[in-house]
Amino acid sequence: MTRNKVLKFGVLTVMAVIVGRLFFIQILQHEMWTEKAAAQQTLTNTLPAERGEIYMMDGSEPTAVVLNATVYTVIVDPMLADQEAVAEVVGKAVGDKLVAEWDEVFANRNLRYYVVARGVERAAAEQIAEAELTGVWLQSDTERVYPEGTLASTVLGFVNAEGEGQYGVEGALDGRLAGTDGLLKTVKDVNNIALSIGDENVRIPAEDGENVVLTLDKNLQHRVEQILASESERLGFANLSAVVLDPNTGEVLAMADYPGYNPANYGQVTDISAYINHVVEDPYEPASVCKTFTFATGMEYGVMDANTTFNNEAVTYVDDWPIWNAERGAFLLGQQTIQTAFNYSLNTGSTQVLRWLGGSETEITAQGRERLYEYYHNRFGLGEYTGIELYEALGSVTEPNAEIYGINSTYANMTFGQNMQVTMIQVAAAFASVVNGGHYYTPTVVAGTMEDGEFVEAAAREPVRETVSEETSAKMREMLYNTRKAWRNTGLDAAGYYVGGKTGTAQVIRDGAYVLDETGATYIGFGGTDGEMPEYVIMVRVWEDGKVAGGQEHALPVFNALKTAVQDELKVRPAGM
Amino acid sequence: MAPQTFTTRRGTRATAGAASWSRNHNTVRHTPKTLGSLSNAMIVGVLVLIVGLIYVAQGTQATNYDYELSEIEDEIAELTAKKEDLAVEKARLTSIAAAENSTVAAQMEDGQVAGYVAE
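Residues numbered from 1 in each chain as written. Chains lettered and ligands numbered in written order. Predicted model: local features only at pLDDT ≥ 70, side-chain atom pairs only at ≥ 80, totals over all residues.

Attention now goes to the overall build of chain B. Looking only at helices and strands, chain B features four helices and zero strands. Put simply, chain B runs from its N terminus to its C terminus through helices and strands in the order α-α-α-α. The 119 residues of chain B split such that 3% are buried. (Helix = DSSP H or I, 4+ residues; strand = E, 2+ residues; numbered from the N terminus. Buried ≥ 20, exposed ≤ 12 C-beta atoms within 10 Å, placed from the backbone.)

Written out as structure tokens, the structure reads:
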């Protein structure tokens, strides 16, 4: 074989190998290499949606109470970084945001990644960046900011480390606040810059979350929280809750729990119950404030009015089960009016109304239970979700024909708000309908949204159903007004204002039985200019484990303090002024 | 190929006289067209090169725009973050706690109970 032929053969062999290899790569492994190339050359980024801000009303103007801020995490590579310089510059810049000890950071220099500070604000981050330290870099992130601190914490909730809203508005309206992330998928170059070349580029813009405006008035909310805090100290009770409603729209003007917490430091809360909004999430027995609903039901069925009399013996028996009054003074024995039963919160009076509802003087009948349930549950919405834009507890109201032991005594107890579990918001919304002419409004905490800096108000509120007639409503306002004025309460309200209300003191169930050493106190009332329709409804709850709280002694004074604040903030003028 | 010369009838008459006269002997003279000393192939090559350069230039220009766009987007993100910072600062400065703890508030006297004046 000549050298020429050897050369030709060699060249052909090499070419055959190359062609074969190319065939293998380009044809047989086409898909795999295409995918690898695409992975190398394609930039796929999530375009994060900005979480909506939360506003409260400041008079008639919305003001931001929850915002977003860019913060930075400071990361150190101990292998590259100079301990002295880093500790000097970073330590000085980040202050209390430092989350690591410098000796620990540099104890193992083989670590290449050590987070030394979190939540560092821009100014501090800029100081660190300007120092151009080797082995130190910054990673930006978004953080929720609560400039009002603890204000309305149980209403607002918080956003956890995963960016999910928890509790309150942050949790319940997470879908509206979070928005929808977008997507960027393009060809990129070696510098990771998105290039417009390529015919498969995708850019789906992010949809930012809604900026939600709450109905809560920032200043009123602050005053309510101040009062709850000071009354907690004065009365010596650990837990107080309050809600202020506009009875003519269902708007929640203030909703507060004491104690609260700072949503920015939600992780430092040691007792998880601090997150609970007791107004909407904590069903309890509101006690005698429910006599309002019992007597309104009695009026609706025409079986009683304020002057109807019954025989009070301080105790009445239902299926041999005694029901006692808290007030057992001799002056209350004998024939008494329903107004007196309301004034002195006589359980015998409300039980008697249940009997009358059933068409009997002496027995509780199925008809009586059904009529009470029709109003309690179906009209007033007790034991039902109200529809407020917050996490709600359902509670429970026993059905009238439930096959349970002691159904009659259960219903007798329900006439004065025991043997049932309801939330404060259920009671407050129902009470608002009793005093506003009989119109039930779904309670709401959302006033509208902010769009491009403009306040877009929610649609006008319409009542969702009628609970009682105008006539019954007017009579109940009068009964509530008389009850508030009666007995020890004279002089609570300045002239020109028309304020009514009712106390409630509930025994507490422990291990399935009512205990004697603990009661919870409630007061609910309405107010406004004398001669006009009510402008506010306030409900207060006071309680502490192992303590006896009374509606008259503990909840009423809180209501009185709140009433003054509400009248100031809402500028409720006395009649003739 | 050697260049061919064709002579028109008019030319034939003018140069060859009546003896060469014949009917329908119209002829056209074809001569290779060149641009100076450059061949057509070279011209096509140059044109292809120019078009290629234009394509590359446009591609580069598009990439330049992409870089500019990226810078602008970074700038927007930076400004948005600064705007958010300012909004947060404003909210902090106008918060109730800030107002209560301000030096102005410290110098204020407690308010008195106010009433309404009859109209």
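Now that the structure has been shown, we can carry on.
Before going further, it helps to examine the overall build of chain A. When its secondary structure is counted, chain A shows 18 helices and 24 strands. Seen through its principal axes, chain A has C-alpha atoms that stretch 135 × 55 × 50 Å. Of all 577 residues assigned to chain A, the portion counted as buried reaches 45%. Sequence-distant contacts in chain A: of pairs separated by 6 or more residues, those separated by 24 or more amount to 72%. (Contact = placed C-beta atoms within 7 Å.)

So, on to the sheet that holds strand β12 (residues 239–245) of chain A. All names here are of chain A. Sheet architecture is open: five strands sit in the order β13-β12-β24-β23-β22, paired in antiparallel fashion. At either margin of the open sheet sits one strand with a lone partner, and together these are β13 (252–258) and β22 (497–510). On average, adjacent strands in this sheet sit at an angle of 10 degrees to one another, irrespective of strand direction. Summarising the sheet, β12 and strand β24 (residues 536–543) pair through seven bridges and their orientation is antiparallel. The residue bridging V244 from the neighbouring strand is I538, located in β24. Against the sheet, helix α9 (residues 218–235) touches β12, β13 and β24, its axis set at about 30 degrees to β13. (Pairing = 2+ DSSP bridges. Axes fitted to C-alpha atoms, helices over the stretch in contact; angles between N-to-C directions.)

A word on the domain arrangement of chain A. Split by domain assignment, chain A resolves into domain 1 (78–134) and domain 2 (217–569). Each of domain 1 of chain A and domain 2 of chain A was reduced to a C-alpha centroid, and the two centroids are 56 Å apart. (Domains from an automatic or database assignment.)

Before going further, it helps to spend a moment on the pairing of strand β14 (residues 309–312) of chain A. Residues and elements named next belong to chain A. Residues F310 and N312 of β14 are buried on one face, while the alternating residues T309 and N311, pointing to the opposite face, are not. Pairing of β14 with strand β17 (residues 334–337) involves four bridges; the strand directions are antiparallel. Pairing of N311 across the sheet is with Q335, part of β17.

Residue and element names in this part refer to chain A. Core analysis: the largest hydrophobic core is formed by 137 residues, its most contacted members being L216, A242, V243, V244 and A428. Excluding residues within four positions of it along the chain, L216 makes contact with M56, M57, A152, V155, Q221, V252, L253, A254, M255 and V445. If you look at the next biggest cluster of nonpolar residues, it comprises five residues, including F158, V159, Y266 and Y275. (Core = buried A, V, L, I, M, F, W, Y, C linked by C-beta atoms within 7 Å.)

Turning our attention to the interface of chain A and chain B. Taken together, the 21 residues of chain A in the interface contact 19 residues of chain B. Taken together, the elements giving at least two residues each to the side of chain A that touches chain B come down to β3 (61–76) and β9 (194–195) of chain A. Among the elements that line the side of chain A that touches chain B, the one with the most residues is β3 of chain A, at five residues.

All right, on to the environment of Y385 of chain A then. Residue and element names in this part refer to chain A. When you line up the elements, Y385 lands in the loop between α14 (366–379) and α15 (407–414). Expressed as a C-alpha distance, the spacing of Y385 and Y375, which sit ten residues apart in the sequence, is 15 Å. Those residues in contact with Y385 that sit more than four places away from it in its chain are E392 and L394.

A few words now on the environment of G501 of chain A. All names here are of chain A. Tracing the sequence through the fold places G501 in strand β22. For G501, a count of 30 C-beta atoms within 10 Å corresponds to the buried category. Each C-alpha atom of the pair G501 and Y261 lies 30 Å from the other, and the pair is 240 residues apart in sequence. Setting aside residues no more than four positions away along its own chain, G501 makes contact with L480, R484, Y523, I524, G525 and F559.

Let's shift gears to helix α16 (residues 424–435) of chain A. All names here are of chain A. If you check α16, its first and last C-alpha atoms are 16 Å apart, about what twelve residues at 1.5 Å a residue would give, namely 16 Å. With twelve of twelve residues buried, α16 is to be regarded as a mostly interior element. Within α16, the full set of buried residues consists of M424, I425, Q426, V427, A428, A429, A430, F431, A432, S433, V434 and V435. Backbone geometry just downstream of α16 places G437 in the positive-phi region, at approximately 110 degrees. (Expected span 1.5 Å × (residues − 1).)

Residue and element names in this part refer to chain B. Scored by pLDDT, chain B has a mean of 76; 63% of the residues are at 70 or more. Within chain B, the element-level pLDDT minimum falls on helix α1 (residues 9–16), averaging 49, and the maximum on helix α2 (residues 40–93), averaging 89. Both scores are available for the predicted complex, with the pTM at 0.83 and the ipTM at 0.74. (pLDDT = per-residue confidence, 0-100.)

On to the pairing of strand β15 (residues 315–318) of chain A, then. Residues and elements named next belong to chain A. The sheet contact formed by β15 and strand β16 (residues 321–324) spans four bridges and is antiparallel. Bridging from a neighbouring strand, V315 pairs with W324 of β16. Here β15 folds back onto β16, and the loop between the two strands holds two residues, one of which, D319, carries a positive phi near 50 degrees.

Attention shifts here to unusual backbone geometry. Residues and elements named next belong to chain A. Going from Y258 to P259, the amide bond is cis rather than trans, its omega being 5 degrees. Inspection of the secondary structure puts P259 in the loop between β13 and α10 (278–281). Of note in this structure, A152 is not a glycine but carries a positive phi near 55 degrees. Note on A152: 30 C-beta atoms within 10 Å, which makes it buried.

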